[in-house]
Structure formats: structure tokens, C-alpha cells
Amino acid sequence: RVATLGERQLPRARPRTRVAMAPLRGSWLMLGGPQALPIKPEQWQAYAEEPSFLLTQNFDALRQTDPQGDGKLLDLSMFTDPPANYYVYKGKEVVVKSPAAPADMQGTTTIAGMPIGLWEAPQKDSWVMPLAMRMGCAVGCFYQVHHDSIADLAQLEAFLADETGTAQPPANNPRCRAVIFVQFPSLLAGDNRRFAKKKHAAAASSSSAPVEESVTVLEDNEKIPAVYEWWFGPAPAQNMVERPPIGRWKSYHPKVCQSLEEAYQKNGDFKSGVPVNVDGVRYMMQHITPDKPFDYFGKPSREPFLEGNQVTVDHTCFNDIDRASDNCFVQFQKDNPQRRRPARRRPDASEIARSAVMTGNPCAICFSEDGQLTGCNRAHVICKGCLRAALMSLAGDTLVVDNLICGCFGKRTRRALIALAEHADVSFHDSLVSPPKDPVDKADFAAEEARIRRQFDVGAGTIPHNLFKEKVTEWFNKVFMHDVGHLYHPCSHPACASKMENWMLIEDFEQRYQSQGTSVWTCPAGHRNSVLPSEEEINDMNKNLLLHPEYYIQSAVFDRCALRRYRLCRECIGGGMLMLAVHGGECKQWPGYGRGHQHCFCFACTRKWGEGCSHQSLDCQDPGVQQVRITRDGLELGHLDGQEYIQWLQKKVRVPPPTVYPSGREEGMDRQTRMGLTNQNELWQESLKGTS
């Protein structure tokens, strides 16, 4: 009915709607140190990002259902690493009425056995909070309690509230600490760029999408066979987003992953879509499939679950491999499924590779045949023939260790590649038993078999059933040896060439052998090895010593003896090392004051200082110019007459002096010819230049 002129039109009655509380924003602080007044600002310790986020959500859910309620908010051990074995509770006030309680507590109000003043102080005076928190407001009375103190705390609260005085206090004081929630004003907690221009909004949203690693590789840890993740960030309705919202995937604590995986493997209902507990407090998880989305429309929920709140496997947070491997989940609050967010299961790539899921998509390499999932996070598929060809290419080249198979695999994906090799063995032997019928396919397979026999050196015999697995395993062993080989002394015997268990770790060799003055070690198979410098290094050292046979000083300080500029450390030679010492002045003791090198010796006679020679020694004589050579037992130190060698350089004698070793001698001319030091004029001019 249309109101006529002069009639009074009554306003329409508005339907009553429930006003939702504003979302909470703030930080959670735990009181460290003594749980007593007065409180110092530096005592407060902030919780980590993930527990703080979950505490806020749980407190928000509690205040909407029962603003005055109390109870458990979070088990910190589920979301901390290493696990913090504490619960966080919203406390209840307990008035002390027990006549057996201390006199100063009679009639006071406590929370978790602690005076309520610990919570009232930051609420009344923000100066007791950290500087960054003083713009906020302390809200609620919370506490943190150790897992082992739950029973003690319950007994303590019963004791304090008992008017009869018959209740007994606990034998152990509960391990509790005060916790506060600092709520910030909405102006500070909101988006500080909400009035900025939005021209880069699309770019910002796309950049916020999670960057996936090419292949999921889990450590060899039986306790965590798969990783479970939840979407950390805004979780708007699925029909409102076209790309992943701002946020990232965040892993659950390993303990949570372990319990969820155990339920996934043993509980068939969980796989079929029945929710299970996540933390034992407030969160549930449900497996979703294309046929069974997350849909609580029309079912009981604390907040209305709208039709648009459904979550399907097509949610933008899920990627292709999540959908293809059937690993899409949803995390939601108990009794309030409207509070939900995507979650997923990330198994090791080897699990997906072994499942051999056929997607119906063409092979990513040849585009001709249907392929199976390789196991990478990009949901690449590969046909049987291309897989065998890719593995043949891999096994034949140990220098290429990345971008293998479909471009996503490498030396870090050992288990996944071995799983693919097992598939290749099965498919190849199936073709051997039942060859293709088509003439073209039959000819292609015959050519492939010939290539496999030629490359893997099988010959005309029977091809092993695990040929590809063996070759891929050998490839990994060779790559590993190439990566860590520089850390070992390999056994020189051919039988131990590929057995790293028979090699000697360089660090162990230096501690167990070289430090004891020996360069010889024996492998577990009984093969004798020596760790010595190369011939080239030894020749270079001998040349340097022969280039300056003269004394660089005729009368050293204190000892008044002639000294050469260069000497080899005799004890280092015994340990198989070449250490060239340079004299820089002062007395004949090297190094000066016995500091700077592990060995100390006389620079004139080269004997060990303190045992073979000292400042008081009367038998200190120069043995000559040093030379070194390799023997069966290690390095051997010899000498030649320096003055006679100088006379040969001056052409006063016809042949140079020989080098005398403990096991024999090397003629002078043979030595000079071997090292290419036969031009006497050039050698004499070099000697005249000196070493200063």
C-alpha cells in the first residue's frame, strides 16, 4: 500500500542481527624471573610468532563463546621446536579461604596460586611493560603451567579455597608463570597502508604466493614420515580469491606431524574424511577429496557456516601436486567450522614416485604418451620410455647433478630417484617378457635394449632385474665420493678405489698419524698407504734450497755461527710434510722463544732444540744444504756440501757434490740434470743476489 499525502509512514522494523566482536590484535608476554611484585619491564618475554598467532585465535574463540570462561588455550609443545612442555590457560580467580594458608595470603585473590596483582600491575600501569608494548592494553589473566604440574596446581587451588582447612597443599610447587595479552588499538593493529594507492595490489598479491621447492625431500627420520602444513595468514572464502592470499605455508611441529601421519596411516576414517584432533585443545583436521569437500552448511556451528565457506580441492592455496596426490586438508576449530583454513600433507617425493599415479596428461618430455607423476612439486609426468632414457643419461654423467629427469631432481633426491629407477626396472622387464606388437614400437624397443646393453656393459647375457636401481645407486655413490673425496685420503689399492669405508679421513690421519711423526697408514683391508707430497712439490722445494747454498749471515746473534736463510723442519719431514722455515735474524733457535711452530730446532745443525742442541752445545755443526726424496717408508732427508757446491757454481771443480741420504747417495750431476739446474752461470748469479 502506497502512503497517501498527509498520512504518516511508519519506519520498517529492522531484523535483529548478531554483532560480531572485532578481531583481536596484539602480543603475548610471559613473566620471567620471580613471580612477585614489583615487576620490571625487562622481565616480560614475548612468545614466538606461531604460538602467539594460535593463542590469539583461541582466546578470540573463547571470548565469543563464553567471555567470562576459563580453560586451556594451547599446548605449546605442539607448536615449538624444541618442544616447550607447557600449557597456556585462561585463569580463574580463587579467593584464599583456607586457615592453613600463610597469613599474608588470607582473603586475597589468586590465579594459579599467584597473587592477582601480577596481572593488575600491567593493567593499571603500562610502564611495567616493555617500551614497545606501552601503547597497548594488558587484557585477561592467563598463566603458563608445565605438563607435569597440572595435578599439583589443581591440588594447590583446592587447598587455597578450602574453608575447613582439611585439604593438603601439594608436595611440589606448580611450575607456573603469569601471562598477559597486550591488545593494541585498532589504529595501530590495522593495515598502515590501507589508504595507499592500489595500482600494485595485483603484483603484491602474486608475490605473496608461496615459493615451492622443486622436490620435497624429508630427512631419513622415521618419526616424521610426512610433513603437515597449514596456511598461515588470511583465509577468506574460496569464492572470493582468484590467487593465493597473502600468507605462506607453515609446518606443524614434528610431534603434531607424527600424530597426524599415524592417524593417516592407521585410521581409515581419517582418509575418508572424518576429522581428527590436531592439538587436543581446539583444532581439528579433515581430509578433503574432489567428491568430499569441506562443507558444514546447515550443520551446527557456533558462527553461521555459509554456503560460500566451503573448501574444495580447487582452493587457490593448493597446488597441482596437492590435488594429484590427494593430499588436501582443512584445519578448523571444534564446534565452529566457520573458522577454517587450508592445510596439506607433504610426503617425501619418493612416496609419490612409488605410487605411480597416472594423471591422463601427456609425458612432459615426448608429449606422446600418458605419463605418471615423477614426484616433484610441479606435478610433472613422464612416460616409461622417457623415464628409462633419462635414467640412462643420468647414470652416464656424474658431473651433471642437478635439473635431472623432468628438470626438478638432483643429487639431494636420492630416495625419489631410486623409486623411479625401480619403476624403470619393472617396466623394462615387462616389455622384455611381452614385447610390443606394433612393428614400429617393437623396433624402437629393440634399439633401446641394444643401447642399454651397450651403455651398461651387459653384453648378450641376461639383463639383471634391478639394473636401473643398481646404476642409479652407483651414480649416487660416485657423486658422493666426488663431493666429499677432498676430506679423505683414499686407499691406493685398486680394490678399495670405490670403498669409502676403507679410506682415511684427513682429520683422523692428522690426529692419529701425522702428529706422531708418521705418514704411513693401513686401511681396514690391510693395504699399506702413505700420505706424502707429490714429486713436483718435492722438486720445487729442492730447487729453492739449491738456489741459495750460501750463508746469509756469518755470525748470528749470541751464538756467533753462520746460518743459512732456509731450512726444512726435520720433524715435519718425519711426519710426511714439507715445512720450509725462514730465518729472520737473532740466534740459531727457531722459532724464536720456541713459539709459532709445533717443533723447535737449531737452524745451524737442524737438530731438535733442547735435546740435540742448545746455546751451550759445543758439537753444533752445519750438515750442509738440505735435500729431500720419497722412499718406501716416507720422506728421507739428505745433505750436500754447500761450499763444494758453490765451487762448482764458480767452475772451480768439474762435478757438483753428491747428496748423501741415510739409505744411500745421489750423484751430483744426476741430481742437477733431473731438476734442470745445469747452467752454472745463471745459478751463480742467482746465488749472488742473496735472500735479504
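1. So, the packing of aromatic side chains
Next, step 1: Applying the stated criterion across every chain, the model contains 32 aromatic pairs.
Next, step 2: Ring geometry for tryptophan 28 versus phenylalanine 181: centroids 4.8 Å apart, planes at 40°, classification tilted. Separated by 153 residues along the polypeptide, tryptophan 28 in strand 1 (residues 26–31) and phenylalanine 181 in strand 9 (residues 176–183) bring together distant segments of the chain. Here the two residues tryptophan 28 and phenylalanine 181 agree in accessibility, since each one is buried.
Next, step 3: What links up through ring pairs into an aromatic cluster is the set Trp28, Phe59, Phe142 and Phe181.
Next, step 4: Just above the ring of phenylalanine 232 sits the side chain of lysine 250; from NZ or CZ to the centre is 5.5 Å.
Next, step 5: The ring centre of tyrosine 661 lies 4.0 Å from the NZ or CZ of arginine 629, which sits over that ring.

2. Some details on the side chain of arginine 282
Next, step 1: Position of arginine 282 among the secondary structure elements: in the loop between strand 12 (276–277) and strand 13 (283–288).
Next, step 2: If sequence neighbours within four positions are ignored, arginine 282 has contacts with Asn58, Ala61, Leu62, Lys72, Leu73, Phe332, Gln333 and Lys334.

3. Notes on the sheet that holds strand 15 (residues 336–347)
Next, step 1: Strands sit in the order 11-10-15-14-13-12 across an open sheet of 6 strands; the sheet is antiparallel. What marks the edges here is a single partner per strand, and that holds for strand 11 (248–251) and strand 12.
Next, step 2: Bridge analysis of strand 10 (residues 226–232) against strand 11 gives 4 bridges, and the strand direction is antiparallel. Paired with glutamate 229 across the bridge in strand 11 is serine 251.
Next, step 3: Contacts from helix 1 (residues 49–65) reach strand 10, strand 11, strand 13, strand 14 (328–333) and strand 15 within the one sheet, and its direction differs from that of strand 10 by about 60°.
Next, step 4: Lying over the sheet, helix 6 (residues 254–266) contacts strand 10, strand 12, strand 13, strand 14 and strand 15, oriented at roughly 115° with respect to strand 10.

4. Brief notes about the state of the cysteines
Next, step 1: Evaluation of the coordinates by the stated rule reveals 0 disulfides.
Next, step 2: As a non-bridged cysteine, cysteine 523 has cysteine 491 as the owner of its nearest cysteine sulfur, 3.7 Å distant.
Next, step 3: Between cysteine 600, a cysteine without a disulfide, and cysteine 587, which holds the nearest cysteine sulfur, the sulfur-to-sulfur distance is 8.8 Å.
Next, step 4: You can call cysteine 600 buried: its relative accessible area is 16%.

5. Some points on helix 11 (residues 414–433)
Next, step 1: The end-to-end C-alpha distance of helix 11 is 29 Å, a good match for the 28 Å that 20 residues give at a rise of 1.5 Å each.
Next, step 2: Those residues of helix 11 not exposed but buried are Ala416, Leu417, Ile418, Ala419, Leu420, Ala421, Ala424, Asp425, Ser427, Phe428, His429 and Ser431.
Next, step 3: For helix 11, the elements touching its buried residues are helix 9 (349–355), strand 17 (370–373), helix 10 (384–395), helix 12 (439–455) and helix 13 (467–484).

6. Some points on the pairing of strand 17
Next, step 1: As paired strands, strand 16 (residues 358–362) and strand 17 are joined by 2 bridges and run antiparallel to one another. Residue pairing across strands places methionine 358 opposite glutamine 372, the latter belonging to strand 17.
Next, step 2: In the sheet, strand 17 pairs with strand 18 (residues 381–382) via 2 bridges, with the strands oriented antiparallel. When the sheet's bridge partners are listed, glutamine 372 is paired in strand 18 with isoleucine 382.

Cut-off values and rules
Residues numbered from 1 in each chain as written. Predicted model: local features only at pLDDT ≥ 70, side-chain atom pairs only at ≥ 80, totals over all residues. Heavy atoms only, no water. Phe/Tyr/Trp six-rings, centres within 6.5 Å; stacked < 30°, edge-to-face > 60°. Helix = DSSP H or I, 4+ residues; strand = E, 2+ residues; numbered from the N terminus. Buried < 20%, exposed > 50% of the residue type's maximum accessible area, 1.4 Å probe, protein only. Lys NZ or Arg CZ within 6 Å of the ring centre and 35° of its normal. Contact = heavy atoms within 4.5 Å. Pairing = 2+ DSSP bridges. Axes fitted to C-alpha atoms, helices over the stretch in contact; angles between N-to-C directions. Disulfide = S-S within 2.5 Å. Expected span 1.5 Å × (residues − 1).

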